[in-house]
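As a plain string of letters, each chain reads:
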Amino acid sequence: MRAQPTTRPRGGDGSSIRRCGDPAARAPWRRPLVLALAAGAAASLALALLGPAAMVAAGARSAAACLAAIEAPRGPALPDCRSEIRWFALPSRLPWTFGAASTLAEELGVRAALAEYIDAAVGRPDREALARATFAVETAQAMVASGSRRITFEELGPACGAPSLGREAARLGDRRALLSQPERWPDWHVRVGALRAALTEGDLPRAIEIARGYAGMDPRDEDLRATVGAILCLGARADAERGVELLTLIQDDRASRRHAAMARNWGEVRAVLVACAARAGVAPPPMPDAPEAGVADAVEARMAQRVRLAAAEGEDAAGAKRGAVRAIRDLLGSAVALAPQARADLLALVLAEDDALDAAGAAALAQPEPEDGSPATEVAPGPWVGPLLAIDWLPERGLTGPVVAGASRARAAARAAELAGAPGLSPAEGDALRATAGALALHAARALALEGDAPRAIEALDRLGALSPALAPEAARALARSRVWTLAGDRERALEIVERVDLAAAPPALRAAVLLQRAELLASSGRAHDAARAAVLADEEAAARAARSAPRGARAGDGPPERAVPALLEARARWTRLALARPPGASPLRGGDPPPRLPADLATTFPWVGFARLDAPWARGDQPALSRALAAWSAARDAPPPARRALRYAALRRRGDAPPALVPYAALAAQLLGDGEGDPEVWLDAFLALDAGRFSLRHHAFARAEAARWRGDAGSATAWQRRYEALRAVASDPTRAEIARALGL
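Residues numbered from 1 in each chain as written. Predicted model: local features only at pLDDT ≥ 70, side-chain atom pairs only at ≥ 80, totals over all residues. Heavy atoms only, no water.

## Overview of the overall build of the protein
In terms of regular secondary structure, the protein is built from 30 helices and two strands. By the burial criterion, 53% of the 745 residues in the protein qualify as buried. Considering only residue pairs separated by 6 or more positions, the protein has 69% of its internal contacts joining residues 24 or more positions apart. A total accessible area of about 33,300 Å² is found for the protein, and carbon and sulfur atoms account for 55% of it. (Helix = DSSP H or I, 4+ residues; strand = E, 2+ residues; numbered from the N terminus. Buried < 20%, exposed > 50% of the residue type's maximum accessible area, 1.4 Å probe, protein only. Contact = heavy atoms within 4.5 Å. Areas by Shrake-Rupley, 256 points an atom, 1.4 Å probe, with all protein chains shown as cover.)

As structure tokens, this is what we get:
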């Protein structure tokens, strides 16, 4: 049976049944719908994948802008940058954006915590806010330690290190934070900062307590070890014995080992070690007999120390002192070149301690003849340069030369004056001894004033006037007397002296120095208008002196000390004028200086001048750096409050360039804060934190006290004066003098 053929329907004739899935069988609206749904799904997927990444990018831009606004001109309220973390909340929960979002959120938290801490010291300085902000820094530090453990952050702004309360406290001069938990600081330089903070407070027992704790940790860094050992040497016998152990390790290491092809000298450490052993009542360890690295420098300081310690030699004390003095005489009589100040210090010891020295021998030591036939070197600066430098009588940092007590210097001056009248001396020898007596009397007055013994300092200056009026003009002696009473704390008597002195016959530089002293004392007394007038007159005299006598291109650090006077005096006069003179009563700038104008970018307001070196460009008249800096400060002080806030942040970035005139510099920096804008002391702690290391602690404390008086802050002035007197008491103790100098007291 044959199968019947099946009729195949023809498409499109309407007679066939449409198959399922045939495109022709679909409704016309279904294809666009499918395409739309597919596009929506793709878009949703893209949004889910790329949206969080876009949020991270947008959040990074927004957070960076908020953080940048902190240091821009703004109001007193700190921008709330922590709220920007909302951008990273969702992305940090998704695996494909978790890393980037978490990293940025962590950095934002770190920068916000640091911003709060810095704002409490700079933006709106407040001691209580500073204390509260430390907890935020500690929280951020713990967060990083348990999170990424990164050491730098650079996604949301300029690169900064991982948060560390100790490092930030040292950077901002937050002594309270440094002293609150000194045993927790892991960094050696922060530990040194904690020790210096205790000394700055004038709290020697606290410094010794901290040093004991650090000594128990066996510090390996030699700078920390030297600081710990020296502070222990200031304490009781047991502490001093431990200090001897630490300092011996440093001495032997520097004498025997080089580090990175470099070696450090150990003469200063040896001087501190010997003084420490004397306080501990033990024999000092022997000096390295064959050093292979550093050498025993600070020879003059150690020779002077030997004279002082010879009295403790027991039965042979007299012989030991004669031997020590004989060694100094041999050095002074040799062809070894000595700095004028070091020669004067050693000669003072010989004159004070060697009764066998005759007039001819003293004259030969006072002005020796070099073997090469060159002109003789004076034992000290010229007759009236010493009083001129009375405006800078505060001590330098470090064991820079022999330590000679003021009483010994006074005896030496009297002995030189006595020998100058001995029969048989030539006129030249007599003149040399009288000039030496005058110079030593000035040195004695300075030393006694720094020791707080004003009556004996004035007595030494009276001896200078009795020798010969030609040794120093009356105005110079008046300036020195005024400085003595200033350091002693009797500013009324100091001001009376410089107000009644006749300046008609004085040279321009001396007139400028007296007027500067007068301006500073008037400012301390609250007589702002009179202080401004005196400061302007002083600056005009200094400018006249510099224009007439300073050779073009001369450097302040070249040649004898007289050459340093014009640059130092002129710089001090210009800073003092800027700090005290305000328009319309007086112009704070000289005629011809750049106009006081702020740049568009406030971060570049303060140019670098280079005050750390006396032979830097600022000391030469043909260099405009100092004039530009003064103009910038003048404009910054007169800026509106939002701009001044930004300028304080800019100044914080340019620290380390404080001029030698620290008092007007600190007073001027305080003027970047208007009334009600914050605590000047907190701001100055931060602003001077780096510069303080360039000055002795006594110099810093004295400058801060004077700056507080200039702005009428009696409470702060009293606190800093107390610290200054506490430091002076330590440094004036003969048994601790070398140790205090090495510590920078």
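On we go.
## With respect to the packing of aromatic side chains
Counted under the stated rule, the structure contains eight aromatic pairs. By way of ring pairs, the aromatic residues W575, F606, F611, W633, Y665, W683 and F687 are connected into one cluster. The side chain of R493 reaches across the aromatic face of W485, ending 4.1 Å from its centre. Of note, R723 hangs over the ring of W720, and the distance from its end group to the ring centre comes to 4.4 Å. (Phe/Tyr/Trp six-rings, centres within 6.5 Å; stacked < 30°, edge-to-face > 60°. Lys NZ or Arg CZ within 6 Å of the ring centre and 35° of its normal.)

## What about helix α14 (residues 359–366)?
Summarising burial for α14: six of the eight residues are buried, a large majority. Buried residues along α14 sit in contact with α12 (317–333), α13 (340–353), α16 (406–420) and α17 (427–450).

## A closer look at the side chain of R709
Considering the arrangement of structural elements, one finds R709 in helix α28 (residues 697–710). Within the structure, R709 has its side chain in polar contact with the side chain of Q721 (distance 3.1 Å). Once residues within four sequence positions are removed from consideration, R709 is found in contact with R491, A523, S524, A717 and Q721. (Polar contact = N/O pair within 3.5 Å; in protein donor to acceptor, adjacent residues only side chain to side chain.)

## Considering the environment of A277
Relative to the elements of secondary structure, A277 occurs in helix α10 (residues 267–280). The spatial distance from the C-alpha of A277 to the C-alpha of R237 is 9.2 Å, given a sequence separation of 40 residues. Those residues in contact with A277, other than ones at most four positions away along the chain, are V244, V282, A283 and P284.

## Considerations on the state of the cysteines
Under the counting rule described, the total for this entry stands at two disulfides. Put simply, C66 and C81 are joined by a disulfide, and their sulfur atoms are 2.1 Å apart. As the torsion about the S-S bond is roughly -100 degrees, the C66-C81 disulfide counts as left-handed. You can see C66 sitting in helix α1 (residues 30–70) and its partner C81 sitting in the loop between α1 and α2 (98–123), a full 15 residues away along the chain. With respect to burial, C66 and C81 carry one shared label: buried. (Disulfide = S-S within 2.5 Å.)

## Overview of the nonpolar core
By size, the foremost hydrophobic cluster in this structure holds 221 residues, and its most contacted members are Y117, V228, L351, W575, W618, W633 and W683. Here this core gets 13 residues from one element, more than from any other, and that element is α2. Excluding anything up to four places from it in sequence, L351 contacts L357, A362, A412, R415, A416, L419 and L440. A271, A298, A301 and A737 belong to the second largest nonpolar core, which has six residues in total. (Core = buried A, V, L, I, M, F, W, Y, C linked by side-chain atoms within 4.5 Å.)

## Things to note about the environment of A112
Note on placement: A112 falls in helix α2. With 31 residues separating them along the chain, A112 and C81 place their C-alpha atoms 6.4 Å apart.

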